[in-house]
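In case you want the letters, here they are:
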Number of protein chains: 4
Amino acid sequence: MRETAILRIHCPDQRGIVAKVTDFIHRYNGNVVYLDQHTDYSEDRFFMRVEWDLEGFEIPTEQIKDVIQEKLAWPMEMVWSLKFSHQVPRMAIFVSRSSHCLYDLLARYSAGELNVEIPLIISNHKDLEKVAKQFGLPYYYLPVTKDTKEEVEKEQIRLLEENKVDFIVLARYMQILSSEFNELYPNRIINIHHSFLPAFAGAKPYHAAHSRGVKIIGATGHYVTSDLDAGPIIEQDVTRITHHDTVQTLVQKGKDIEKIVLSKAVQAHVDRKTLVYKNKTIIFA
Amino acid sequence: MRETAILRIHCPDQRGIVAKVTDFIHRYNGNVVYLDQHTDYSEDRFFMRVEWDLEGFEIPTEQIKDVIQEKLAWPMEMVWSLKFSHQVPRMAIFVSRSSHCLYDLLARYSAGELNVEIPLIISNHKDLEKVAKQFGLPYYYLPVTKDTKEEVEKEQIRLLEENKVDFIVLARYMQILSSEFNELYPNRIINIHHSFLPAFAGAKPYHAAHSRGVKIIGATGHYVTSDLDAGPIIEQDVTRITHHDTVQTLVQKGKDIEKIVLSKAVQAHVDRKTLVYKNKTIIFA
Amino acid sequence: MRETAILRIHCPDQRGIVAKVTDFIHRYNGNVVYLDQHTDYSEDRFFMRVEWDLEGFEIPTEQIKDVIQEKLAWPMEMVWSLKFSHQVPRMAIFVSRSSHCLYDLLARYSAGELNVEIPLIISNHKDLEKVAKQFGLPYYYLPVTKDTKEEVEKEQIRLLEENKVDFIVLARYMQILSSEFNELYPNRIINIHHSFLPAFAGAKPYHAAHSRGVKIIGATGHYVTSDLDAGPIIEQDVTRITHHDTVQTLVQKGKDIEKIVLSKAVQAHVDRKTLVYKNKTIIFA
Amino acid sequence: MRETAILRIHCPDQRGIVAKVTDFIHRYNGNVVYLDQHTDYSEDRFFMRVEWDLEGFEIPTEQIKDVIQEKLAWPMEMVWSLKFSHQVPRMAIFVSRSSHCLYDLLARYSAGELNVEIPLIISNHKDLEKVAKQFGLPYYYLPVTKDTKEEVEKEQIRLLEENKVDFIVLARYMQILSSEFNELYPNRIINIHHSFLPAFAGAKPYHAAHSRGVKIIGATGHYVTSDLDAGPIIEQDVTRITHHDTVQTLVQKGKDIEKIVLSKAVQAHVDRKTLVYKNKTIIFA
């Protein structure tokens, strides 16, 4: 597996951005292995993800950020992020009682398909400790009540920091995180909502869907913001239902969509294929 | 094409309904060619659509309703409807300026796929008169303003009654009908809403979808009730979109879903495959 | 959970079948909780699945089969099967090296969603023994070569019989079973083929799909017959791909479809919702 | 609507292609409004579509091709095509008896959504002449028999040339064109096949799908080559079916997919979003 650098940028739309960026990489003998860009003409904003092979690249790895800042980012007013393919992100998983999303993530992780480290799983219930044990992962049981919520979040944050967690996956974690918590991890908390947002935001979406009589249900993987269920959407999918479906069969059918949607959203994040701008995402090809 | 009778019923769930209904048909020498039923256990309600060949059926056609009422409906507290396959429903189409749904309906009608008569098209704009002319159909241009709305609706109703219209299709008709109008045609006005309801009810759903950053858009065919965009859903479908899509491309992609969803909803209604109960639909197989 | 009886039948189409069957159940004080039927007019064949509550049913459980044979099956020339909801089927899983389907089945099993017993997992590779261990299930490593195949199948069959296995799931088992093996378990071996059959039957379907340049790939869950990849289809699903996809990304995207399709096919079988007739399936609602 | 130039290229993969191409456009004061590229690493081949505003572009329109050839195509061994947005392609439609695809194309054309000129419709049946008349388009009835086929094709080609046709749409034209005919219009004849290719190539795909018992049917829009139903695929879509479906309902459900898939394939071609390489297509975003 070759080492690559992954640069994601956005900046005001202007002539010659792609040329300048790719030219920069080639001048220092880098070989582009991925390039995708998008221009939002209504926002006059340019977005790009470029990845190049570091073998033979003439800027030492530890200096690349400085050179990019000087040569590219400053003159073109770029907001940017540089990652290296050998940096494996550290992912915490928060769960409550449903196991389907947790199993789906851990099965991929175990098969070497999801390139992350998982230092810990946190839950407000004991139910899924056995799943963590199956995969040999630390499990922290931190029950939450109205009165203890603030204190528990402090402990959660302590654990996350101690374990150098890069991002958090809420795999059907049935608690709402405080704004303070969310703001510590901007665009780094991924939630699965069990409806096709913005339809049926809030609690009990399958009951609401059944009551409304929709013919299709869905699930939404999104970054968490302080505005509940309103964060930037990463991935959505749906499945067809009929009048035969009860709330119980909706829950069951929904699980299959939830777990795939969440895992795809996590995969996109891990692959550095996502970019957030003004509460919307660019998902690179 | 053989003549058939189509019976749709719903009633309190109870033992032996299917047996009693099919037994009734067989006793009079009817041959069942279609049977579909559904029990909603949360409502303790039974739903059924049964269709039988009238050839050799021993109750004269004009007396069937009376016999059903006495032998089946009364003892089992059924709400029911009987139609004959030779009864071709008369459909009015309301349009504004977009032609895609109108063309889709008329193309099916013209190919003999949609078994209706179309006595008239009504519009608040002149734009689509040429389409009506292409298909040789009467077109009534009735512009609507706030002040004339009540008067115009009276004229619309007069035209509908004069033309013995059975049901109305709002094929992207951009006016809201009054409660009085809607109540004249309960479960007999079909609308296409250009979003995946209940997401983005109301005006400009594609703008709202673009602004929210959803990854999937949809369309909803539903019966019209006085509660705007909240009527019983007949059919929905969706299509995947990306960050590349603008409001304009959403509108364009949406048209393909809208026209197919509306035509399928109309087809289900024409085939007497729909049944409304408490703001939800049963769509028989 | 109430005890129910599940009757699946097919027979020549004739008047009054539904009436006779439901009448039979009611006469002995059974309460129908599920009924779905289908008539194939091109084959003049009738299919039905009916389920009734055994509480208060006046025929003793051990005599029901005899009474059905005499009163219903014999006079109507039915092919039929009777199961009781408390009969939990015993499922063997065959795997090779890919873990995604195995994990998906075991995650459902572990969550209590898949109502089976799993007495054993058989594999021609050692790779997935660790997964079996995670879930505390017996794992038999039986490597297969051309020369040992016959002998290995004998051992497999011995294990299956010893463990009273009712049906077998080939969860990406990359060996072809002999006709003799298949015939021991007619319509009781479920395979997942990693293409949208009949497209790309045989080996390396993702390579073939990539080479052909299709825009959609799929997976097929089917009963195994001696005619490779040609058995009755239970479930299929697809996903959209683009020219950006390589064989490797097709394999990865395919895994998500494969595991969901296989698990749905297994669920349908376990719920006794499937019925095979002339190499096709009826999948009851 | 601003005038743009659309350049599609493919060439051996090499460093700096995007930089060189966009640099070329900027040097002459062109403003890029669209850029999408793809690298096929297994073929070591680079593909790109770039579109730029011609206002202020400093190379006179009639000289652009020469400059591209000299400055870009020659040094980078490019295969390339340059089109201008004001060049409206001239499209011939071939039909037989089914009207659904024809109506869908003409409805879009009539609504100004499909930016083509339609100088003629050719058919081997008289049935759809009335549709051509509805839209005021010339209709040539050229019946085909085994004996007259060669002669008829000559007449068809004469008509196409006389009408300066750029590309041909086979909108359910039920005749096979000769290799000689196909070779006159390489990658410029678009066909709709009524199955999910490569499944059910050849005649009567819905009969074959029904007989095989698939759970999903589809349609395929592709460029025509001399190898029947094996040309480069532009667009595919599918719909779910059940055991209730007969060949007749498959035909009906299939029509909805066929017409949308064909129209999308035609739209992609008209927008110059397609590029063929080695029997596969790149479909630009």
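Residues numbered from 1 in each chain as written. Chains lettered and ligands numbered in written order. Predicted model: local features only at pLDDT ≥ 70, side-chain atom pairs only at ≥ 80, totals over all residues. Heavy atoms only, no water.

### A few points about the interface of chain C and chain D
In step 1: Contacts between chain C and chain D engage 32 residues on the former and 32 residues on the latter.
In step 2: By the criterion of area lost to chain D, the three top residues of chain C are C:Arg212, C:Lys215 and C:His243, representing 25% of everything that side buries.
In step 3: Between chain C and chain D we count four salt bridges in total.
In step 4: Among the salt bridges present, the one from C:Asp237 reaches D:Arg240, with a minimum N-O distance of 3.2 Å. (Contact = heavy atoms within 4.5 Å. Buried area = accessible area lost by both parts, 1.4 Å probe. Salt bridge = Lys/Arg side-chain N within 4 Å of Asp/Glu carboxyl O.)

### Observations regarding the relation of the copies chain C and chain D
In step 1: The transform that puts chain C on chain D rotates by 180° and translates by 0.0 Å along the axis, for an RMSD of 0.0 Å. These values place the two chain copies in the arrangement generated by a two-fold rotation axis. For chain C, the smallest separation between a C-alpha atom and the rotation axis is recorded for C:Ala199, amounting to 2.2 Å. (Least-squares fit on C-alpha atoms with pLDDT ≥ 70 in both.)

### A short note on the interface of chain B and chain A
In step 1: Contact residues are listed per partner, giving 32 residues for chain B and 32 residues for chain A.
In step 2: Counting the surface lost from both chain B and chain A, the interface buries some 2800 Å², and carbon and sulfur atoms represent 55% of this.
In step 3: Broken down residue by residue, the surface that chain B buries against chain A is led by B:Arg212, B:Lys215 and B:His243, which jointly contribute 25%.
In step 4: Linking chain B to chain A there are 23 residue pairs in polar contact (both at pLDDT 80 or more).
In step 5: Those elements that provide at least two residues to the side of chain B that touches chain A are strand 2 (31-40), helix 7 (205-212), strand 11 (233-240) and strand 13 (280-283) of chain B.
In step 6: Counting residues per element, the side of chain B that touches chain A draws most heavily on strand 11 of chain B, which supplies seven residues.
In step 7: Looking at the side of chain B that touches chain A residue by residue, the class counts come to 14 nonpolar, eleven polar and seven charged. (Polar contact = N/O pair within 3.5 Å; in protein donor to acceptor, adjacent residues only side chain to side chain. Helix = DSSP H or I, 4+ residues; strand = E, 2+ residues; numbered from the N terminus. Nonpolar A, V, L, I, M, F, W, Y, C, P; charged D, E, K, R; others polar.)

### Some points on the packing of aromatic side chains
In step 1: Using the criterion set out here, one finds 38 aromatic pairs over all chains in the structure.
In step 2: Judged by centre distance (5.4 Å) and plane angle (70°), the rings of B:Phe47 and B:Tyr277 are edge-to-face. Taken together, the residues B:Phe47 in strand 3 (residues 45-53) and B:Tyr277 in strand 12 (residues 274-277) connect sequence positions 230 residues apart.
In step 3: Grouping aromatic residues by their ring pairs yields a cluster made of A:Phe24, A:Tyr28, A:Trp52 and A:Phe57.
In step 4: Lying across the ring of B:Tyr34, B:Arg49 places its NZ or CZ 4.4 Å from the centre. (Phe/Tyr/Trp six-rings, centres within 6.5 Å; stacked < 30°, edge-to-face > 60°. Lys NZ or Arg CZ within 6 Å of the ring centre and 35° of its normal.)

### Focus: the UniProt feature "active site" (unreviewed entry) in chain A
Residue and element names in this part refer to chain A.
In step 1: Those residues carrying the UniProt feature "active site" (unreviewed entry) are Asp 229 in this numbering.
In step 2: One can find Asp 229 in the loop between strand 10 (216-223) and strand 11 (233-240).
In step 3: Asp 229 sits in the buried class, given a relative accessible area of 10%.
In step 4: At 2.8 Å, the side chain of Asp 229 and the backbone nitrogen of Gly 202 are in polar contact. (UniProt positions renumbered as here; feature names shortened; annotations may be inferred. Buried < 20%, exposed > 50% of the residue type's maximum accessible area, 1.4 Å probe, protein only.)

### Description of a negative patch on the surface
All names here are of chain A.
In step 1: A cluster of like negative charges, contributed by Glu 150, Glu 151, Glu 180 and Glu 183, occupies part of the molecular surface.
In step 2: Elements represented by at least two residues in the negative patch include exactly helix 5 (149-162) and helix 6 (179-184).
In step 3: For Glu 180, a relative accessible area of 58% translates into the label exposed. (Patch = residues over 30% accessible without salt bridge, like charges linked within 9 Å, V, L, I, M, F, W, Y side chains within 5 Å. Areas by Shrake-Rupley, 256 points an atom, 1.4 Å probe, with all protein chains shown as cover. Lys, Arg positive; Asp, Glu negative; His and termini not counted. Charge placed at Lys NZ, Arg CZ, Asp CG, Glu CD.)

### Brief notes about the environment of C:Arg212
In step 1: Considering the arrangement of structural elements, one finds C:Arg212 in helix 7 (residues 205-212).
In step 2: Looking at C:Arg212, the relative accessible area reads 12%, which means it is buried.
In step 3: Sequence separation of C:Arg212 and C:Phe200 is twelve residues, and the distance between their C-alpha atoms is 9.8 Å.
In step 4: Those residues in contact with C:Arg212 that sit more than four places away from it in its chain are C:Phe200, D:Pro198, D:Asp229, D:Ala230, D:Gly231, D:Ile233, D:Asn279 and D:Lys280.

### A word on the pattern of salt bridges
In step 1: Taken as a whole, this structure holds 60 salt bridges over all chains when the rule is applied.
In step 2: The salt bridge involving B:Arg97 is made with B:Asp127; its shortest N-O contact spans 3.3 Å. One end of the pair, B:Arg97, is in the loop between strand 5 (90-95) and helix 3 (100-110); the other, B:Asp127, is in the loop between strand 6 (117-123) and helix 4 (129-134), and 30 residues separate them in sequence.
In step 3: B:Asp127 gets classed as partly exposed once you look at its relative accessible area, which sits at 36%.
In step 4: Close ionic contact of D:Arg240 with C:Glu235 constitutes a salt bridge, the shortest N to O distance being 3.5 Å. Taken together, the positions of D:Arg240 in strand 11 (residues 233-240) and C:Glu235 in strand 11 (residues 233-240) put the pair across two chains.
In step 5: Since its relative accessible area comes to 40%, D:Arg240 is described here as partly exposed.

### Some words on the domain arrangement of chain A
Residue and element names in this part refer to chain A.
In step 1: Split into domains, chain A comes out as domain 1 (4-84) and domain 2 (90-283).
In step 2: If you average the C-alpha positions of domain 1 and of domain 2, the two centres end up 31 Å apart.
In step 3: Summed over both partners, the interface of domain 1 with domain 2 buries about 970 Å², with 62% contributed by carbon and sulfur atoms.
In step 4: The salt bridge partner of Lys 278 is Glu 43, with a shortest N-O separation of 3.1 Å.
In step 5: Summed over the shared surface of domain 1 and domain 2, the number is four residue pairs in polar contact (both at pLDDT 80 or more).
In step 6: For the side of domain 1 that touches domain 2, the elements supplying multiple residues, two or more each, are strand 1 (4-12), strand 2 (31-40), strand 3 (45-53) and strand 4 (79-84).
In step 7: The residue makeup of the side of domain 1 that touches domain 2, split by class, is six nonpolar, two polar and five charged. (Domains from an automatic or database assignment.)

### A word on the environment of C:Pro198
In step 1: For C:Pro198, the position within the fold is in the loop between strand 9 (189-193) and helix 7.
In step 2: A sequence separation of 35 residues divides C:Pro198 from C:Ile233, and the C-alpha atoms of the two residues are 9.9 Å apart.
In step 3: The contact partners of C:Pro198, leaving out residues within four places of it in the chain, are D:Ala199, D:Phe200, D:Arg212 and D:Val214.

### Brief notes about the packing of helix 7 (residues 205-212) of chain D against helix 8 (residues 247-270) of chain D
Residue and element names in this part refer to chain D.
In step 1: Two elements in contact, helix 7 and helix 8, have axes separated by 9 Å at closest approach and are oriented at 120°. With respect to helix 8, the element helix 7 is oriented oblique. Once helix 7 is placed against helix 8, the crossing between them reads as right-handed. In contact with Tyr 206, His 207, Ala 209 and His 210 of helix 7, helix 8 contributes Val 247, Leu 250, Val 251, Gly 254, Lys 255 and Glu 258.
In step 2: Of the residues in the contact of helix 7 with helix 8, the class split is five nonpolar, three polar and two charged. (Axes fitted to C-alpha atoms, helices over the stretch in contact; angles between N-to-C directions. Parallel < 35°, antiparallel > 145°, perpendicular 65-115°, else oblique. Left-handed = near helix turned anticlockwise from the far one by under 90°.)

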